[in-house]
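As a plain string of letters, each chain reads:
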Amino acid sequence: MSIADNIQRVQETITTACARVGRDPAAVTLIAVSKTHPAALVLEAAAAGVQHFGENRVEEAESKIPQVNVVTTWHMIGHIQSRKAKYVPPLFNVVHSVDRLKLADKLARAVTERGGTLDVLLEINISGEESKGGLPAFGWQTDPAVRAAVWEEVRQICALPGLNVRGLMTMAPIVPDMQAARPVFAGLRELRDRLAESLGPPLPDLSMGMTDDYPVAVEEGATLVRIGRAIFGER
Ligand SMILES: *Cc1c(COP(=O)(O)O)cnc(C)c1O
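These lines cover the structure that appears in this document, whether it is placed above or below. What you see is a predicted model, and the numbers here were worked out from it, not measured in a lab.

Turning our eyes to something else, we now look at the packing of helix α6 (residues 144-158) against helix α7 (residues 182-199). Between two packed helices, both the angle of their axes relative to each other and the distance between the axes serve to describe the pair. Following both chains from N to C, one finds α6 and α7 inclined at 60 degrees, their axes separated by 11 Å at the closest point. The two elements α6 and α7 cross, and the hand of that crossing is right-handed. Where α6 abuts α7, its residues W151, V154 and R155 lie against L191, R194, L195, S198 and L199. Its residues placed into classes, the contact of α6 with α7 shows 5 nonpolar, 1 polar and 2 charged.

Below is the structure:
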């Protein structure tokens, strides 16, 4: 299977998942996660029509992105150390992994110094798994303390200059059957709806779904899916 074949298959799977729930496939953006793969494969995927790429490490992006001399939108999807925040805005168009106020503040400073804005998503830990990153939100529906902490953190991040908070991102636990990830995706959508309602920003984007679970994420409202292995093969 070539990269072009893989992309076509993923796009068909997205279209089929949309049809099951009456969504418009144009509302779902495919992000090809090119981490660990060379710029040549990014160019191959771009030639096959992909315009959005995801990377998870600043160092890797610093060497790879300049080698990709076609117009693409770059998404930072990995954990960012606070001291590396200043290197992120010049490289990336969208940051999915804003998981704490301190990082958001560093990104906001870097953006406003350069003059401009940066689209960001807030990474949320919905499942409560300790191995997962993200702003801890497990239990927000039932625990008033968790809810208050999440609301306060999001409110402060949304108030920072230079950051355009577009929505939420999450990673589901690794499960044997993708249906088991559904409550996590539905939970992210519900949290997005409640935050938008009470804080005011529209928060249109939900970044959720990877190779093993994206059909379910699309059924639950994903607007951005982050697909690595189904496009580029095993890492
Ligand atoms: C690697 C990665 C992906 C892609 O994972 P696949 O299982 O290869 O599709 C998506 N999101 C994040 C945050 C990642 O680190």
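On we go.
Along its 15 residues, α6 runs 21 Å from first to last C-alpha, staying within 8% of the 21 Å computed at 1.5 Å per residue. Every buried residue of α6 is listed here: V146, V150, W151, V154 and I157. Down the axis of α6, the smallest arc covering the buried residues is 135 degrees, so these residues share one side. In α6, the exposed positions angled more than 90 degrees off the buried face are occupied by P144 and A145. Looking at the packing, one finds that the buried side of α6 touches β4 (94-98), α5 (101-114), β5 (118-125), β6 (135-136), β7 (163-169) and α7. For α6, the side-chain oxygen to backbone nitrogen distance between the N-cap and A145 is 2.9 Å, and the N-cap itself is D143.

Here we come to the pairing of strand β9 (residues 224-227). Of the two faces of β9, the one carrying L224 and R226 and the one carrying V225 and I227 are both buried. Across 4 bridges, the pairing between strand β1 (residues 29-33) and β9 is parallel. Of the residues in β9, the one forming a bridge with L30 is V225.

In this sheet, strand β3 (residues 73-76) lies alongside strand β2 (residues 52-55) in parallel orientation, the contact comprising 4 bridges. The residue bridging H52 from the neighbouring strand is T73, located in β3. Regarding the hand of the β-α-β motif, the stretch spanning β2, helix α3 (residues 58-64) and β3 is right-handed.

Next up on the list: the site of the ligand. Lining the immediate environment of the ligand, one finds V33, K35, I77, M171, M210, T211, R226, I227, G228, R229 and R235. Within the contact set of the ligand, an oxygen atom lies 2.7 Å away from a side-chain nitrogen or oxygen of K35. The separation between an oxygen atom of the ligand and a polar side-chain atom of R229 is 2.8 Å. Within the complex, 94% of the 390 Å² of free accessible area of the ligand lies under protein. Classifying every residue of the shell around the ligand gives 5 nonpolar, 2 polar and 4 charged.

The first and last C-alpha atoms of helix α1 (residues 3-21) sit 28 Å apart over 19 residues, in line with the 27 Å expected at 1.5 Å per residue. Here α1 has its buried residues at I3, N6, I7, V10, I14, A17 and C18. Projected down its long axis, α1 carries its buried residues within an arc of 115 degrees, all on one side. Close packing links the buried residues of α1 with β1, α2 (39-47), α8 (214-219), β9 and α9 (229-232). Immediately downstream of α1, the backbone of G22 shows phi near 70 degrees, a positive value.

Of note, S97 is situated in strand β4. Looking at S97, its side chain comes within polar contact range of the main-chain oxygen of G78, at 2.7 Å. Among all residues touching S97, those that are not within four sequence positions of it are M76, I77, G78, I80, L103, L121 and E123.

Reading the values: rules and limits
Residues numbered from 1 in each chain as written. Predicted model: local features only at pLDDT ≥ 70, side-chain atom pairs only at ≥ 80, totals over all residues. Heavy atoms only, no water. Axes fitted to C-alpha atoms, helices over the stretch in contact; angles between N-to-C directions. Helix = DSSP H or I, 4+ residues; strand = E, 2+ residues; numbered from the N terminus. Left-handed = near helix turned anticlockwise from the far one by under 90°. Contact = heavy atoms within 4.5 Å. Nonpolar A, V, L, I, M, F, W, Y, C, P; charged D, E, K, R; others polar. Expected span 1.5 Å × (residues − 1). Buried < 20%, exposed > 50% of the residue type's maximum accessible area, 1.4 Å probe, protein only. Arc of directions from axis to C-beta. Polar contact = N/O pair within 3.5 Å; in protein donor to acceptor, adjacent residues only side chain to side chain. Pairing = 2+ DSSP bridges. Right-handed = clockwise from strand over helix to strand, strands pointing away. Near = heavy atom within 4 Å. Areas by Shrake-Rupley, 256 points an atom, 1.4 Å probe, with all protein chains shown as cover.

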